[in-house]
Amino acid sequence: MRTYTNVKDLGNLQQALNEAFEVKNNPYKWDTLGKNKTLLMVFFNSSLRTRLSTQKAGMNLGMNTMVLDINQGAWKLETERGVIMDGDTTEHILEAIPVMGSYCDIIGVRSFARFENKEFDCQDTILKQFIQYSGKPVFSMEGAIGHPLQAFADLITIEQYKKTDRPKVVLTWAPHPKALPQAVPNSFADFMNEANVDFVITHPKGYELDEKFVRGARVEYDQRKAFEGADFIYAKNWSAFQDPHYGQILSKDRDWTVDTEKMALTNNAYFMHCLPVRRNMIVTDDVIESPQSIVIPQAANREVSAQTVIKRMLEALK
Ligand code: CP
């Protein structure tokens, strides 16, 4: 595997899941695979889970790991080509990327949507520049339009907890005080559309996601109706995608908060969220602290998804 930015990069999804459970059950089986190989993780944005789980995944594989926080201690990077650099940016990303590539064997990149230019975001420009100019295998640690390590971990978690062959999985929008990217719901939809699940998306009107990821999945505007009979509730906020409201907050309606009354409509569903989560905006204390909440094992599976992806990249280097 040379790049990991979406579900298609995994190839056969069942095979990838089988491999992930092998990794989960025996994480140190490949502890020399990454000997003398270096994993560089580049963060343009904050992180807790991705940073720690990916670093741990590299360490499980015997790799050396390096982390660069672009906004803390690195030169301020210019990302647009053609700019006259007489402002506050010191280094162009088109030099910085190949330099970073020269110090490592595999690169993970986190670079969120900026909501300044929809086309720049939709092209996943920063991630693509790393793929094009680093000369090394690159995986997304959340780009402008997708978070495939999260979605792979989500699928592993659903596989781990499901009680029926084809569970009903509901992705629900929930309110948040800040404008958040669509990366997590995009990748979740991308994966659920490939998985053996009955997938439903629910959100207020105006929050329609990119059809490239929804791909004809059922969209239900009545959240309570969507919850009926669900086996998994996956909550997430995202800002508007469609023009002319790209990147805007259209609603903070707390009637969309996931609470015990709505969870009672489900088939005793498990509650999922990628974290970090705003309590009593996205989900009530009672629901996230309930026995049906699997947010902690879901986060733990981030190590498994990252290790499976990095392992495949190391195997391809041989
Ligand atoms: N879910 C997730 O990616 O968490 P972090 O932003 O903390 O890495």
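Each value, and the rule that gives it
Residues numbered from 1 in each chain as written. Predicted model: local features only at pLDDT ≥ 70, side-chain atom pairs only at ≥ 80, totals over all residues. Heavy atoms only, no water. Pairing = 2+ DSSP bridges. Helix = DSSP H or I, 4+ residues; strand = E, 2+ residues; numbered from the N terminus. Axes fitted to C-alpha atoms, helices over the stretch in contact; angles between N-to-C directions. 1 Å grid on protein atoms, 1.4 Å probe; cavity = no way out; pocket = protein on both sides within 12 Å on 5 of 7 lines; lining within 4 Å. Points joined across faces, edges and corners; volume = space filled by probe spheres on them. Nonpolar A, V, L, I, M, F, W, Y, C, P; charged D, E, K, R; others polar. Domains from an automatic or database assignment. Near = heavy atom within 4 Å. Polar contact = N/O pair within 3.5 Å; in protein donor to acceptor, adjacent residues only side chain to side chain. Areas by Shrake-Rupley, 256 points an atom, 1.4 Å probe, with all protein chains shown as cover. Sits in = over half its atoms within 2 Å of the grid points. Buried < 20%, exposed > 50% of the residue type's maximum accessible area, 1.4 Å probe, protein only. Phe/Tyr/Trp six-rings, centres within 6.5 Å; stacked < 30°, edge-to-face > 60°. Lys NZ or Arg CZ within 6 Å of the ring centre and 35° of its normal. Patch = residues over 30% accessible without salt bridge, like charges linked within 9 Å, V, L, I, M, F, W, Y side chains within 5 Å. Salt bridge = Lys/Arg side-chain N within 4 Å of Asp/Glu carboxyl O.

Undergrad: What's the story with the sheet that holds strand S12 (residues 270–272) in this structure? I'm lost.
TA: Spatially, the five strands line up as an open sheet ordered S10-S9-S8-S11-S12, and their pairing is parallel. Two strands close off the open sheet at either side, each with one partner strand: strand S10 (218–220) and S12. When the angles between neighbouring strand axes are averaged without regard to direction, this sheet yields 25°. Relative to S10, strand S9 (residues 198–202) is paired through three bridges, and the arrangement is parallel. Within S10, the position partnered with Val200 by the bridge is Arg218.

Undergrad: Please explain the layout of surface pockets as it appears in this structure.
TA: Gaps left between atoms are located by rolling a probe of water-molecule size over the structure's atoms. Of the volumes computed, that of the largest pocket is approximately 450 Å³. Where the lining of the largest pocket is concerned, the elements lending two or more residues are helix H2 (49–60) and helix H7 (183–192). By residue class, the composition of the lining of the largest pocket is 11 nonpolar, eight polar and six charged. Shared between two domains, the lining of the largest pocket holds at least three residues of each, these being domain 1 (3–146 + 302–317) and domain 2 (150–298). Size it by volume and the second largest pocket reaches roughly 290 Å³. Along the walls of the second largest pocket sit 17 residues, with Thr5, Asn6, Ile145, Lys212 and Phe213 positioned nearest its centre.

Undergrad: When you look at the site of the ligand in this model, what are you seeing that I'm missing?
TA: Close to the ligand lie Ser47, Leu48, Arg49, Thr50, Arg110, His147, Gln150, Cys274, Leu275 and Arg302. Within the backbone of Leu48, one N or O atom sits 2.7 Å away from an oxygen atom of the ligand. Between a nitrogen atom of the ligand and a main-chain N or O atom of Cys274, the distance comes to 3.0 Å. Surface burial for the ligand is 93%, taken as the share of its 250 Å² of free accessible area covered by protein chains. With respect to the pocket detection grid, the ligand is positioned in the largest pocket. For the shell around the ligand, the per-class residue count stands at three nonpolar, four polar and three charged. Taken together, domain 1 (3–146 + 302–317) and domain 2 (150–298) each give at least three residues to the shell around the ligand, which thus spans both.

Undergrad: It is not clear to me how the pairing of strand S2 (residues 38–43) should be interpreted in this structure. Could you clarify?
TA: Regular strands place their side chains on alternate faces of the sheet. Extensive coverage of S2 is indicated by the burial of six of its six residues. Of the two faces of S2, the one carrying Thr38, Leu40 and Val42 and the one carrying Leu39, Met41 and Phe43 are both buried. Inspection of the sheet shows S2 paired to strand S3 (residues 64–69) by six bridges, in the parallel sense. Its bridge partner lying in S3, Leu39 is registered against Thr65. With five bridges joining them, S2 and strand S6 (residues 106–110) adopt parallel strand pairing. Across the sheet, Leu40 pairs through a bridge with Ile107, a residue of S6.

Undergrad: Which parts of the structure should I look at to understand the packing of aromatic side chains?
TA: Two aromatic rings, taken as a pair, are described by how far apart their centres are and by the angle between their planes. Tallying each qualifying case throughout the model produces 10 aromatic pairs. Taking 3.9 Å as the distance between ring centres and 25° as the angle between the ring planes, the aromatic pair formed by Phe188 and Tyr234 counts as stacked. Of the two residues, Phe188 is situated in helix H7 and Tyr234 in strand S11 (residues 232–236); the sequence distance between them amounts to 46 residues. Tyr234 shares its class with Phe188; the two are buried. Through pairs of rings, three or more aromatic residues link up here, namely Phe115, Phe241 and Tyr246. Across from the ring centre of Phe43, 4.7 Å away, lies the NZ or CZ of Arg51, which sits over that ring. In this structure, Lys118 is placed above the aromatic ring of Phe241, and the distance from its NZ or CZ to the ring centre is 4.0 Å.

Undergrad: Where do I start with the pairing of S6 in this structure?
TA: The element S6 is largely enclosed, with a buried count of five among its five residues. Here S6 shows no split at all, with Ile106, Gly108 and Arg110 on one side and Ile107 and Val109 on the other all buried.

Undergrad: I keep staring at a nonpolar patch on the surface and nothing clicks. Help me out?
TA: Together, Met66, Val99 and Tyr103 make up a nonpolar patch on the protein surface, roughly 290 Å² of accessible area in all. Looking at where Tyr103 falls in the secondary structure, it is placed in the loop between helix H3 (93–102) and S6. The exposed category is assigned to Tyr103, whose relative accessible area is 56%.

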